[in-house]
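Here is what each chain is made of, one letter per residue.
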Amino acid sequence: AQSVTQPDIHITVSEGASLELRCNYSYGATPYLFWYVQSPGQGLQLLLKYFSGDTLVQGIKGFEAEFKRSQSSFNLRKPSVHWSDAAEYFCAVAALGGGADGLTFGKGTHLIIQP
Amino acid sequence: GAGVSQSPSNKVTEKGKDVELRCDPISGHTALYWYRQSLGQGLEFLIYFQGNSAPDKSGLPSDRFSAERTGGSVSTLTIQRTQQEDSAVYLCASSSQRGNQETQYFGPGTRLLVL
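Caption draft 1: Broad picture of the overall build of chain A. Counting its secondary structure elements, chain A contains zero helices and twelve strands. Counted from the first residue to the last, chain A has its helices and strands arranged as β-β-β-β-β-β-β-β-β-β-β-β. Its C-alpha atoms give chain A a radius of gyration of 14 Å, near enough to 13 Å, the size a compact globule of 115 residues would have. Structurally, chain A occupies a C-alpha span of about 45 × 30 × 25 Å along its principal axes. Here chain A holds 115 residues, and 46% of them are scored as buried. Counting only contacts in chain A whose residues sit at least 6 apart along the sequence, the fraction spanning at least 24 positions is 54%. Surface accessibility of chain A: about 5,400 Å² in total, with carbon and sulfur atoms responsible for 50%. Computing the positive centroid from 8 side-chain charges and the negative centroid from 9, chain A places the two 3 Å apart.

Written out as structure tokens, the structure is:
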């Protein structure tokens with residue numbers, strides 16, 4: 001079964017600084033990978049997803065993520081964070097294939113933005 | 001169009017009572033998912049519907065949990081004889097068709113508190 005690890009429970013970044021959130025997955029083949037963001041009291045919003053092709057994917061709100069098969073990683077990055085980026089970030093994996101099982105999520109990383 | 005909606009947004013109940021949680025997916029979306037988000041367990045996949053059918057119910061935490069979907073649209077998650085450990089946020093998501101590459105769009109969730 002697939003699994004996702006987000007090593008950092010909390011990350012604090014100054015406004016305007018760059019950001020990298022780590023995600024490692026465990027799966028036997030190339031998975032489908034997702035990053036979602038959750039603001040307080042809100043549902044999950046998709047930032048970006050990777051299925052195949054170019055390993056650097058662009059998402060909404062200026063986010064990007066890079067798939068590295070050799071490291072089983074799919075880290076999320078942003079060059080310059082804004083106070084509105086403060087939220088909970090979840091990495092998720094879906095199994096490749098015709099099935100439609102639900103997503104497997106990491107535990108999440110809570111992003112705090114310092115003024 | 002409108003996103004995924006869930007009702008109620010908050011529910012407080014007494015231990016032992018039954019509760020029903022409702023999900024209205026995006027119009028035309030054939031796939032519907034239920035997840036549970038709790039402090040201890042993070043985001044857990046519960047069950048998936050393609051149309052009105054749920055091929056795999058093994059993700060439901062216990063036999064007190066059941067779900068149905070009628071008319072290929074609205075879904076109800078029912079928890080019988082609620083326990084305090086059922087306290088969590090229950091999230092619903094929908095996608096345009098089955099397949100793990102399809103983006104799941106999430107509702108705002110129902111926050112359940114069992115006293």
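Caption draft 2: Region of interest: the packing of aromatic side chains. Enumeration over the complete set of coordinates arrives at 17 aromatic pairs over all chains. Each ring, one from Phe90 of chain A and one from Phe105 of chain A, has its centre 6.2 Å from the other, and the planes form 90°; the classification is edge-to-face. Taken together, the residues span a long stretch of sequence, with Phe90 of chain A in strand β10 (residues 87–94) and Phe105 of chain A in strand β11 (residues 104–105) at a distance of 15 residues. Assessed through its relative accessible area of 3%, Phe90 of chain A is described here as buried. A residue is classified by how much of its surface remains accessible, and Phe105 of chain A, at 8% relative accessible area, is buried. Ring centres of Phe105 of chain A and Phe106 of chain B lie 6.2 Å apart, and the angle between their planes is 70°; on these two criteria the pair is classed as edge-to-face. With Phe105 of chain A in strand β11 and Phe106 of chain B in strand β9 (residues 105–106), this pair bridges two chains. Residues Phe105 of chain A and Phe106 of chain B agree in their burial class; the two are buried. Through a chain of ring-to-ring contacts, the aromatic side chains of Tyr32, Phe34, Tyr36, Phe51, Phe90 and Phe105 of chain A together with Tyr33, Tyr35, Phe45, Tyr48 and Phe106 of chain B assemble into a single cluster.

Caption draft 3: Representation of the state of the cysteines within the structure. Residue and element names in this part refer to chain A. Here the structure, examined in full by the defined rule, presents two disulfides over all chains. Across the disulfide from Cys23 sits Cys91; the S-S distance is 2.0 Å. Looking along the S-S bond of the Cys23-Cys91 disulfide, the torsion reads about -65°, which is the left-handed sense. Placement of the pair is Cys23 in the loop between β3 (19–21) and β4 (24–26) and Cys91 in strand β10, with a sequence separation of 68 residues. Each member of the pair Cys23 and Cys91 is classed as buried.

What counts and what doesn't
Residues numbered from 1 in each chain as written. Chains lettered and ligands numbered in written order. Predicted model: local features only at pLDDT ≥ 70, side-chain atom pairs only at ≥ 80, totals over all residues. Heavy atoms only, no water. Helix = DSSP H or I, 4+ residues; strand = E, 2+ residues; numbered from the N terminus. Rg over C-alpha atoms; globule rule 2.2 N^0.38 Å. Buried < 20%, exposed > 50% of the residue type's maximum accessible area, 1.4 Å probe, protein only. Contact = heavy atoms within 4.5 Å. Areas by Shrake-Rupley, 256 points an atom, 1.4 Å probe, with all protein chains shown as cover. Lys, Arg positive; Asp, Glu negative; His and termini not counted. Charge placed at Lys NZ, Arg CZ, Asp CG, Glu CD. Phe/Tyr/Trp six-rings, centres within 6.5 Å; stacked < 30°, edge-to-face > 60°. Disulfide = S-S within 2.5 Å.

Everything listed here is a matter of coordinates, which is why it stays silent on function.
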